[in-house]
Amino acid sequence: MVDLKARRWKIVVSGDKNADKEGKIMATSLTTQDILGLFKALKDDIQATVLKPRGLSIKSSGTKSLALNEPLNPETGFWQNPQAMSNKPLRWIPQVEVSAENVVARFAQNVEGQSIGMAKSVGYINNRDGSCSVCVFRVLPAIKPLDPDSNWEFPAGWEFLLILGFAQPLPAGTSGDPLSNFEPGEGTIDFGGGALKRTFPISFRALVKAPVSEENVAGTSYSVVGNAIARLVGATLYDGTQASERDALVTDLSNIFAPQTVEGPFSLDENTSLVGIDPSVYQQIEAAINSGKRHIIFYGPPGTGKTTLAEYLAAEVSERDDGDGSYLMLTASSAWSSQDLVGGYQPLGNGAIGFVPGALLRNFDKPVIIDELNRCPIDKVLGPLFSILSGQSSALPCRVDVANPASPFHVIYPKPHPGMEPHEHAPEPAWRMICTLNTYDKTQLGQISYALSRRFAWIKIGGPADPDGFVREMATRLGATVTEPVASNPIGALWKAVNSLREIGGAPIVDFIKTMIAFKSDVNLFVQPEGNAADLFLSAFRMCVLPLMDGLSPREARDLAESISVAWGLDTEKAASLTRDCAEFSA
């Protein structure tokens, strides 16, 4: 188990502007003394300190505008038009009753005492990227004064922030998926709409007080109401006006992501935001790591999710291997040398030269992702690490004191040992290399020698086994209309035609769907394209897919145009235009 303070200090020394000299995270100041100023300060601290190092994000609703433009109903203690708020509530409204004995919060009920349908819907988020692990919603309490004949009151400015944390990110969805059926007793909440709605465990709950006057309203005070709501939702109440309490909230939230001592073999849950990755890929990753392979290369055609999968794996193994969940992302370059990654002599100023560690040595405490590995001269760049990758030591041709022939060389050890000197380097448990390699240009694959190849586990990331199913699922996620059963799937047909010549992954197809929706929001993607729709399909093909076909032979270009023309039922004129377009990208 890594000490939490030490783990946060690791993040601080990398440049956290809110850290004091002892490494403690200092809460960001409130730019405005209101609920939005509080939200922005907390969002910045949570994102920078807790989420960004793990590739996660914070999402919210109702946080763009201070004012509420939807009318409230003092007679019901709820929205004036609940139906208008059913899918995307801008506030969560709990009802708080004041009595002579106590103040009690409850989920909203109608005048007959029956639960209102959307009483447990706390808000909605845009989680299209599948990265959200923290949700923030504005809480607007309706207060029933001691007098039973009084209407409900919504005191001006009396709002709170409800923060829900999830140890695992919520799955990718649409631009407005609700969080509903909040069950504090069970510690769960539903996320998503329709057939995609699922129940998820909540790992962290906080209610945060905003900068509000404490004067009594409706027979109670703001703090008392906050305590009542916190009891209802099972949350810890934090005073957001105090920097120390905001800092405590960030620390408490980070605990749900703290690395745990793991017993037994490594396991990797399927990443639900990565649609189209074959389940066998996760099994291969588990087998590689559990068999002792520390370093992995994901290879395959473009657009299959290799980079996103590498980031997901890096965060997971960093947590498991006593890291802080962070990783280093590098994109390979043909200009790289071993000096860039491992280190070498560089000018130090005033005419002096000395050894400067490269990117890998500077980040020996976390996984390193090298994206598009075959862009660089691989053996030359990683040569000094060959021995380390096999568990042996390696001396670098660089002395500590360049001018002293008796000065020791810099040495890299496979593991740390007690009493290491500054010129001795060793990777920490969380360090490993996870690389991606695009097989699109097979001529570059020859750069990887056998000696290097055998030091990695190679795992192919191909396209989805069911292209038609992938298209249907992504169209649904992106908000397009999908009516089952689907009679025709022209995008799936396009994809199959392309893959018969050159395999591509799902990313260009997702771009194709997004482009079609941008062209025409109500476009029907599952009928044969005709007239203007055919022109839109062809435009999207030219924008998103055709550039990836560069280098086809003239015959392959003709075959591709013919296959698409037949699949889409294009007329003679449009088929001829498509043939010319494909020919332009032939070799």
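For the structure itself, consult the block above.
Here's what I pulled together on the structure shown here. (Residues numbered from 1 in each chain as written. Predicted model: local features only at pLDDT ≥ 70, side-chain atom pairs only at ≥ 80, totals over all residues. Heavy atoms only, no water.)

Looking at the pairing of strand E16 (residues 328-331)
The alternating pattern of E16 places Leu-328 and Leu-330 on a buried face and Met-329 and Thr-331 on a face that is not buried. Here E16 runs beside strand E19 (residues 368-371); their pairing, made up of 4 bridges, is parallel. Its bridge partner being in E19, Thr-331 is matched across the sheet by Asp-371. (Buried < 20%, exposed > 50% of the residue type's maximum accessible area, 1.4 Å probe, protein only. Helix = DSSP H or I, 4+ residues; strand = E, 2+ residues; numbered from the N terminus. Pairing = 2+ DSSP bridges.)

Quick word on the sheet that holds strand E8 (residues 142-144)
One open sheet holds the 3 strands; their spatial order is E5-E4-E8, and the pairing between them is mixed. Looking at the sheet topology across the chains shown, the edges are occupied by strand E5 (103-106) and E8. Direction aside, the axes of adjacent strands within the sheet are offset by 20° on average. Note that strand E4 (residues 95-98) and E8 share 3 bridges and pair parallel. Considered in E8, the bridge of Glu-97 is made with Lys-144. Strands E4, E5 and E8 of the sheet are contacted by helix H3 (residues 222-233), whose axis makes an angle of about 45° with E5. (Axes fitted to C-alpha atoms, helices over the stretch in contact; angles between N-to-C directions. Contact = heavy atoms within 4.5 Å.)

What to know about the packing of helix H5 (residues 279-290) against helix H6 (residues 306-320)
Orientation of H5 relative to H6, taken along the N-to-C sense of each, is 40°, at an axis distance of 13 Å. Classified by the interaxial angle, the pair formed by H5 and H6 is oblique. The chirality of how H5 crosses H6 is right-handed. In this structure, H5 uses Val-281, Tyr-282, Ile-285 and Ile-289 to contact H6, whose residues at the interface are Leu-309, Tyr-312, Leu-313 and Val-317. (Parallel < 35°, antiparallel > 145°, perpendicular 65-115°, else oblique. Left-handed = near helix turned anticlockwise from the far one by under 90°.)

Some details on helix H14 (residues 506-519)
Here H14 contains 14 residues, and its C-alpha end-to-end distance of 20 Å stays within 8% of the 20 Å for a straight helix at 1.5 Å per residue. Within H14, the full set of buried residues consists of Gly-506, Pro-508, Ile-509, Val-510, Phe-512, Ile-513, Thr-515, Met-516 and Ile-517. Against the buried residues of H14 lie helix H12 (467-477), helix H13 (490-499), helix H15 (532-544) and helix H16 (554-568). (Expected span 1.5 Å × (residues − 1).)

Here's the deal with the pattern of salt bridges
Within this structure, the stated rule accounts for 13 salt bridges. In this structure, Glu-183 and Lys-120 form a salt bridge, with 3.1 Å as the shortest nitrogen-oxygen distance. Residue Glu-183 is located in strand E10 (residues 177-183), and its partner Lys-120 is located in the loop between E5 and strand E6 (123-125); the two are separated by 63 residues in the primary sequence. Residue Lys-120 is classed as partly exposed on the basis of its relative accessible area, which comes to 23%. Put simply, Asp-581 and Arg-542 hold a salt bridge, and the shortest N to O gap is 2.4 Å. One end of the pair, Asp-581, is in helix H17 (residues 572-584); the other, Arg-542, is in helix H15, and 39 residues separate them in sequence. The class of Asp-581 is buried, set by a relative accessible area of 12%. Given the relative accessible area of 29%, Arg-542 is considered partly exposed. (Salt bridge = Lys/Arg side-chain N within 4 Å of Asp/Glu carboxyl O.)

Remember that the coordinates give geometry; whether it matters functionally is a separate question.
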